[in-house]
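# Analysis of the macromolecular model
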Amino acid sequence: MDIDIQKQPTNHIKDRILRFKPIAFIKKNLPIFIVLFVFLLTLLVGIWNIKKYTLTVVQGLDLPQNVTTLIDKYMEEKLIGRNYFSFSTTSFEKDMLKSVPYIKEVNIEKVIPNKLEVFVDLYRPASTALLRDTECYLLSGEGIVLDTICKEDTANCCKNYATDNSLYIFTSSDVDSSPLTNGKQGLLIMESIYKVVKVVNTYGYEIKEITFVSNILEITTKTDQSFKFSMSEDLDLQLERYISVANRVKSDNLEFKSIDFRFERPVLKN
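In what follows, the accompanying structure is described. Everything numeric in this text was worked out from a predicted model, so none of it was measured.

### Some details on the overall build of the protein chain
Across its full length, the protein chain holds 8 helices and 14 strands. By the burial criterion, 36% of the 270 residues in the protein chain qualify as buried. Taking the intrachain contacts of the protein chain between residues at least 6 apart in sequence as the baseline, contacts between residues at least 24 apart amount to 48%. Working note: accessible area of the protein chain is about 16,900 Å², and carbon and sulfur atoms make up 54% of it.

Below you can see the structure in the form of structure tokens.
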């Protein structure tokens with residue numbers, strides 16, 4: 001009597017494939033590989049490419065249109081379209097400081113998946129600088145060169161620009177702009193002059209013009225009164241004299257045309 005023995009189904013090839021170590025590893029970690037695949041897919045379709053940014057002035061002030069234009073141009077040329085993971089914001093913060101003169105400080109933050117938030121602190125125009133009657137710069141109070149202006153009819157244009165924009169004008173044939181450590185251009189002498197300007201402004205005098213000739217600094221106010229200082233002598237000592245005299249002038253309502261602080265006893269002229 002013949003006995004019909006049924007063969008058990010086997011799938012040796014499938015079993016061998018599943019036991020293959022790389023396949024077994026993938027099967028064991030399938031959720032991770034799915035996430036990686038999806039992530040790679042988002043990279044390929046450009047989801048992580050920077051598409052937009054917001055711009056905020058940390059002081060809460062309005063952003064001047066010319067500065068907005070400069071920053072927009074920088075962002076379009078350097079950052080828009082870059083992959084979120086392919087760059088460090090620190091390197092671009094340093095580069096933006098060099099590229100946009102108005103920026104004093106900048107902080108760039110990444111926002112997933114394709115956005116940047118840019119926070120800037122700005123230099124504000126304080127004066128024009130007419131140097132040797134041939135060059136005119138727009139300066140911050142600290143002496144940072146924000147722009148080169150008035151390339152035609154330089155002397156008259158530079159003075160008129162200051163008047164029209166409520167700035168003072170600095171004139172000299174003895175100084176020039178120099179490269180600074182932060183990559184900007186500036187007038188080094190303005191660091192000391194800025195100190196004098198702040199003290200003069202504290203006493204309510206509005207400055208119209210500052211001249212610097214042969215180390216003599218002369219400040220002229222909008223009421224045509226003037227103050228003289230020597231930049232080759234101890235400036236802090238001269239400012240102490242200024243404070244002492246200015247307090248007396250204010251308290252006694254003294255009239256004067258000019259005061260010279262280069263001497264131990266300041267010279268007041270009516």
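Back to the write-up after that little detour.
### Notes on the packing of helix α7 (residues 190–202) against helix α8 (residues 235–252)
Packing of α7 against α8 leaves a shortest axis separation of 11 Å and a crossing angle of 10°. For the element pair α7 / α8, the angle class is roughly parallel. Facing α7, whose interface residues are Ser192, Lys195, Val196, Val199 and Val200, α8 presents Leu235, Asp236, Leu239, Tyr242 and Ile243.

### What to know about the state of the cysteines
One pass over the structure, following the stated rule, counts 2 disulfides. With a sulfur-sulfur separation of 2.0 Å, Cys136 is cross-linked through a disulfide to Cys158. In this structure, the disulfide formed by Cys136 and Cys158 twists by about 80° around the S-S bond and is classed as right-handed. Remark: Cys158 occurs in helix α6 (residues 154–164) and Cys136 occurs in strand β5 (residues 135–140); sequence separation between them is 22 residues. Judged by its relative accessible area of 1%, Cys136 falls in the buried class. Taking the relative accessible area as the measure of exposure, Cys158 reaches 0% and is therefore buried.

### What about α7?
Taking 1.5 Å of rise per residue, the 13 residues of α7 would be expected to cover 18 Å, and the 18 Å separating its terminal C-alpha atoms lies within 8% of that figure. For α7, the full list of buried residues reads Met190, Ile193, Val196, Val197, Val199 and Val200. Packing partners of the buried residues in α7 comprise β5, β7 (168–172), β10 (207–213), β11 (216–221), β12 (226–230) and α8. Two residues or fewer after α7 comes Gly204, characterised by a positive phi angle close to 85°.

### Side note on the pattern of salt bridges
In a structure, side chains of opposite charge can pair up when their charged atoms sit close to one another. Evaluation of the coordinates by the stated rule reveals 9 salt bridges. Here Glu206 ties to Lys222 by a salt bridge, and the two come within 3.6 Å at their closest N and O atoms. Of this pair, Glu206 sits in the loop between α7 and β10 while Lys222 sits in the loop between β11 and β12; the two residues are 16 residues apart in sequence, bridging distant segments of the chain. Residue Glu206 is classed as exposed on the basis of its relative accessible area, which comes to 53%. In this structure, the salt-bridge partner of Asp224 is Lys208, at a minimum N-O distance of 2.6 Å. In this pair, Asp224 is assigned in the loop between β11 and β12 and Lys208 in strand β10, connecting sequence segments 16 residues apart. One connected set of salt bridges, linked through shared partners, spans Arg132, Glu135 and Asp176.

### A short note on the pairing of β11
Remark: a regular strand shows side chains that alternate across the two faces of the sheet. Pairing analysis gives 6 bridges linking β10 to β11, with the strands arranged antiparallel. Counted as the bridge partner of Glu209 is Thr220 from β11. Following β10, the chain reverses through 2 residues before pairing antiparallel with β11; Ser214 in that reversal takes a positive phi of roughly 50°. Where β11 lies against β12, 5 bridges are found, and the strand directions are antiparallel. Residue pairing for β12: Leu217 is matched across the bridge by Phe229.

### Thoughts on the packing of aromatic side chains
In the structure shown here, the tally under the stated rule is 13 aromatic pairs. Cation over ring: Lys110 sits above Tyr84, and NZ or CZ is 5.1 Å from the ring centre. One cation-aromatic arrangement involves Lys250 over Tyr205; the distance from NZ or CZ to the ring centre is 4.6 Å.

Rules and cut-offs
Residues numbered from 1 in each chain as written. Predicted model: local features only at pLDDT ≥ 70, side-chain atom pairs only at ≥ 80, totals over all residues. Heavy atoms only, no water. Helix = DSSP H or I, 4+ residues; strand = E, 2+ residues; numbered from the N terminus. Buried < 20%, exposed > 50% of the residue type's maximum accessible area, 1.4 Å probe, protein only. Contact = heavy atoms within 4.5 Å. Areas by Shrake-Rupley, 256 points an atom, 1.4 Å probe, with all protein chains shown as cover. Axes fitted to C-alpha atoms, helices over the stretch in contact; angles between N-to-C directions. Parallel < 35°, antiparallel > 145°, perpendicular 65-115°, else oblique. Disulfide = S-S within 2.5 Å. Expected span 1.5 Å × (residues − 1). Salt bridge = Lys/Arg side-chain N within 4 Å of Asp/Glu carboxyl O. Pairing = 2+ DSSP bridges. Phe/Tyr/Trp six-rings, centres within 6.5 Å; stacked < 30°, edge-to-face > 60°. Lys NZ or Arg CZ within 6 Å of the ring centre and 35° of its normal.

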